[in-house]
Amino acid sequence: MRESIGEDEYGSFDPDDLPNLNAIGPAMGGGNDFEKYAVAVIIVFGALIIGGLMAASMTFGHRNGFLFALGGATSAWISGNALLLDRPRIYALFVGIAALMLIASTITLVT
């Protein structure tokens, strides 16, 4: 994983690099750094989908659908923390759990 400006592998910063810490965007790093923007889009639309499933389940009175969506949201939240801690297998596990729970929520809402 690439460190940002002035950051070593342990996350500590050099005090001399403080003016450069807020420099972000594709220009920094010399390449296409659109991962941050892609992750932001995934997070926003994922939150809209999960929130929509929770709201629809509450509106139609499907308690199980709401609980599945809540479990999917919690699993997605845990996977985000696993991604921050650089644990790809745990991230993949919790993304899979979230997907299964959201599919179950959708099935309970449709049936």
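Everything below is about the structure printed above this text.
Nothing here was measured: the structure is a model prediction, and the numbers come from that model. (Residues numbered from 1 in each chain as written. Predicted model: local features only at pLDDT ≥ 70, side-chain atom pairs only at ≥ 80, totals over all residues. Heavy atoms only, no water.)

Asks: Tell me about helix α2 (residues 63-84), and name the residues and values.
Replies: For α2, with 22 residues, the first-to-last C-alpha span of 32 Å sits near the 32 Å given by 1.5 Å per residue. Here α2 has its buried residues at Gly-65, Ala-69, Gly-71, Gly-72, Ser-75, Ser-79 and Ala-82. The arc enclosing the buried residues of α2, seen along the axis, measures out at 160 degrees, which places them on a common side. Facing away from the buried side of α2 by over 90 degrees, the exposed positions are Arg-63, Trp-77 and Leu-84. Just past α2, the residue Asp-86 takes up positive phi, approximately 60 degrees. (Helix = DSSP H or I, 4+ residues; strand = E, 2+ residues; numbered from the N terminus. Expected span 1.5 Å × (residues − 1). Buried < 20%, exposed > 50% of the residue type's maximum accessible area, 1.4 Å probe, protein only. Arc of directions from axis to C-beta.)

Asks: Break down a nonpolar patch on the surface for me, citing the residues and quoting the values.
Replies: Together, Val-41, Val-44, Phe-45 and Leu-48 make up a nonpolar patch on the protein surface, roughly 390 Å² of accessible area in all. Relative to the helices and strands, Val-44 is located in helix α1 (residues 35-60). (Patch = residues over 30% accessible without salt bridge, like charges linked within 9 Å, V, L, I, M, F, W, Y side chains within 5 Å. Areas by Shrake-Rupley, 256 points an atom, 1.4 Å probe, with all protein chains shown as cover. Salt bridge = Lys/Arg side-chain N within 4 Å of Asp/Glu carboxyl O.)

Asks: Can you lay out helix α3 (residues 88-110) for me, pointing to particular residues and giving the numbers?
Replies: Structurally, the α-helix is built with 3.6 residues per turn, so residues lying three or four positions apart point the same way. With 23 residues, α3 ought to run about 33 Å at 1.5 Å a step, and its terminal C-alpha atoms sit 33 Å apart, in line with that. Of all the residues in α3, the buried ones are Ala-98, Leu-102 and Ser-105.

Asks: Describe in detail the side chain of Ser-57, supporting the description with residues and values.
Replies: Looking at the element boundaries, Ser-57 is found in helix α1. In this structure Ser-57 comes out as buried when scored by relative accessible area, which is 1%. The residues touching Ser-57, leaving out its near neighbours within four places in the chain, are His-62, Gly-65, Phe-66, Ser-105 and Leu-109. (Contact = heavy atoms within 4.5 Å.)

Asks: Could you give an account of the nonpolar core, with specific residues and numbers?
Replies: Counting five residues, the largest nonpolar core is built from Ile-50, Leu-53, Met-54, Ala-69 and Leu-102. Element by element, the count of residues in this core is highest for α1, at three residues. If sequence neighbours within four positions are ignored, Ala-69 has contacts with Ile-50, Leu-53, Met-54, Leu-102 and Ser-105. (Core = buried A, V, L, I, M, F, W, Y, C linked by side-chain atoms within 4.5 Å.)

Asks: Explain the packing of α2 against α3 residue by residue, including any values.
Replies: Taken N-terminus to C-terminus, the directions of α2 and α3 make an angle of 165 degrees; their axes are 8 Å apart at the nearest point. In this view, α2 runs roughly antiparallel relative to α3, as classed from their interaxial angle. In this structure, the crossing between α2 and α3 has a hand that is left-handed. Of the residues in α3, those in contact with Asn-64, Gly-65, Phe-68, Ala-69, Gly-71, Gly-72, Ser-75, Ala-76, Ile-78, Ser-79, Ala-82 and Leu-83 of α2 are Ile-90, Tyr-91, Phe-94, Val-95, Ile-97, Ala-98, Met-101, Leu-102, Ala-104, Ser-105 and Thr-108. Taken together, the residues of the contact of α2 with α3 sort by class into 15 nonpolar, eight polar and no charged. (Axes fitted to C-alpha atoms, helices over the stretch in contact; angles between N-to-C directions. Parallel < 35°, antiparallel > 145°, perpendicular 65-115°, else oblique. Left-handed = near helix turned anticlockwise from the far one by under 90°. Nonpolar A, V, L, I, M, F, W, Y, C, P; charged D, E, K, R; others polar.)

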